[in-house]
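# Coordinate analysis (summary)
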Amino acid sequence: QVQVEESGGGLVQPGGSLRLSCVTSRNIFSTYGMGWYRQAPGKQRELVAYRTNIDTTTYADSVKDRFAISIDNAKNTMYLQMDNLKPEDTAVYYCKARNVIRQQDFWGQGTQVTVSS
């Protein structure tokens, strides 16, 4: 079992930056895949970025070259650095930890990101 909790959302102007944090209840990064997802009102939840347990990363086309995942093992924290934010990035952002071997997912409760003038 593992718990994850997101934070760092807020209101930012277009072109601005924000860094989201996902704190895990124990260090899991060598055995779990970690994902950032988002869900805008009336839309399906979508994958934004994914980091595997062997530390490779994948990004949705819509955020490539703007968003980046990083890990701080000492703090049991995964970050999502978001630069050059656009209004279409507005959504609730969720952290997910996946135990790949057991095929079990653990979700945070989300953090709101609003990009607006």
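In case you missed it, the structure is sitting above this.
In this report, the structure presented in the accompanying data block is examined.

Looking now at the pairing of strand 9 (residues 91–99). Of all nine residues in strand 9, eight are buried, a share of seventy percent or more. Pairing analysis gives eight bridges linking strand 4 (residues 32–39) to strand 9, with the strands arranged antiparallel. What sits directly across from G35, in strand 9, is K96. Where strand 9 lies against strand 11 (residues 111–115), three bridges are found, and the strand directions are antiparallel. Residue pairing in the sheet places V92 in a bridge with Q112 of strand 11. Relative to strand 10 (residues 104–107), strand 9 runs antiparallel, the two sharing four bridges.

Using the criterion set out here, one finds one disulfide in the structure. The disulfide partner of C22 is C95, and the S-S distance across this bridge is 1.9 Å. Handedness of the C22-C95 disulfide follows from its S-S torsion of about -70°: it is left-handed. Here C95 lies in strand 9 and C22 lies in strand 3 (residues 18–24), a separation of 73 residues in the sequence. When sorted by exposure, C22 lands in the same class as C95, which is buried.

Tallied over the full model, the rule gives seven salt bridges. Linking K64 and D61 is a salt bridge whose minimum nitrogen-to-oxygen distance equals 2.8 Å. With a relative accessible area of 65%, D61 lands in the exposed category. Through salt bridges with shared partners, a single ionic network connects R38, E46, R66 and D89.

Reading the values: rules and limits
- Residues numbered from 1 in each chain as written.
- Predicted model: local features only at pLDDT ≥ 70, side-chain atom pairs only at ≥ 80, totals over all residues.
- Heavy atoms only, no water.
- Buried < 20%, exposed > 50% of the residue type's maximum accessible area, 1.4 Å probe, protein only.
- Helix = DSSP H or I, 4+ residues; strand = E, 2+ residues; numbered from the N terminus.
- Pairing = 2+ DSSP bridges.
- Disulfide = S-S within 2.5 Å.
- Salt bridge = Lys/Arg side-chain N within 4 Å of Asp/Glu carboxyl O.

That is the geometry; function is a separate question.
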